[in-house]
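What follows is each chain in one-letter form.
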Amino acid sequence: MDVTEIGYGLNQVHDNMLVWMYDVIGGNSAQGDRLLFSFIMYLAQRHTKLSTSRIGMLVGGRNHATVLHAITQVKNRMATTPVYAQQVAEVEKQLRGRK
């Protein structure tokens, strides 16, 4: 998967996570924005060969430590929130279908 596919991933994240964000987080809150960016970084790390530094630069100029923290946050949320884990699995399934 290349950088173009990250754009597709962003659309998939938006489409599939928006309802969940409104239901669980309460809409376009700052927490919802952070969760969305974390998820985008998680997808980029899992589905591209980009370094964490490069992912950070592509997602708002963040550094590699921020990307690593975001990935950890997504993994922790997946472990504790079944609905979130299901949404992640669905988006990843769609991404795999595009390869």
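Reading the values: rules and limits
Residues numbered from 1 in each chain as written. Predicted model: local features only at pLDDT ≥ 70, side-chain atom pairs only at ≥ 80, totals over all residues. Heavy atoms only, no water. Salt bridge = Lys/Arg side-chain N within 4 Å of Asp/Glu carboxyl O. Helix = DSSP H or I, 4+ residues; strand = E, 2+ residues; numbered from the N terminus. Buried < 20%, exposed > 50% of the residue type's maximum accessible area, 1.4 Å probe, protein only. Polar contact = N/O pair within 3.5 Å; in protein donor to acceptor, adjacent residues only side chain to side chain. Phe/Tyr/Trp six-rings, centres within 6.5 Å; stacked < 30°, edge-to-face > 60°. Lys NZ or Arg CZ within 6 Å of the ring centre and 35° of its normal. pLDDT = per-residue confidence, 0-100. Core = buried A, V, L, I, M, F, W, Y, C linked by side-chain atoms within 4.5 Å. Contact = heavy atoms within 4.5 Å.

Thoughts on the pattern of salt bridges
Here is step 1: Overall, the coordinates contain one salt bridge when judged by the stated rule.
Here is step 2: Across the pair E92 and R46 runs a salt bridge, and its minimum N-O distance is 2.9 Å. A residue pair is termed long-range when its members are at least 10 positions apart, and E92 in helix 5 (residues 82-97) and R46 in helix 2 (residues 30-47) qualify at 46 residues.
Here is step 3: The class for E92 is buried, based on a relative accessible area of 6%.

Observations regarding the environment of N63
Here is step 1: Assignment of secondary structure puts N63 in the loop between helix 3 (52-58) and helix 4 (64-80).
Here is step 2: Overall, N63 belongs to the partly exposed group, its relative accessible area being 44%.
Here is step 3: Spatially, the C-alpha atom of N63 lies 5.8 Å from that of S53, the residues being ten residues apart in sequence.
Here is step 4: Looking at N63, its side chain comes within polar contact range of the main-chain nitrogen of A65, at 3.0 Å.
Here is step 5: Within the structure, N63 has its side chain in polar contact with the backbone nitrogen of T66 (distance 2.9 Å).

As for the packing of aromatic side chains
Here is step 1: Applying the stated criterion to the full structure yields two aromatic pairs.
Here is step 2: Taken together, the ring pairs connect F39, Y42 and Y84 into an aromatic cluster.
Here is step 3: Looking at R62, its charged tip hangs above the ring of F37, at a distance of 4.5 Å from the centre.
Here is step 4: Between the NZ or CZ atom of R77 and the centre of the ring of Y84, over which it lies, the distance is 5.9 Å.

A look at the confidence of the model for the chain
Here is step 1: Counting all residues, the mean pLDDT for the chain is 76, and 66% of those residues have values of 70 or more.
Here is step 2: The element-level mean pLDDT for the chain is lowest in helix 1 (residues 3-25), coming to 53, with helix 4 highest at 95.

What to know about the nonpolar core
Here is step 1: Ranked by size, the top nonpolar core spans 18 residues in total, and within it F39, M41, Y42, L43, I55 and Y84 carry the most contacts.
Here is step 2: At the level of secondary structure, the elements contributing two or more residues to this core comprise helix 2, helix 4 and helix 5.
Here is step 3: Dropping the residues within four chain positions of it, Y42 is found in contact with I71, V74, K75, M78, V88 and E92.

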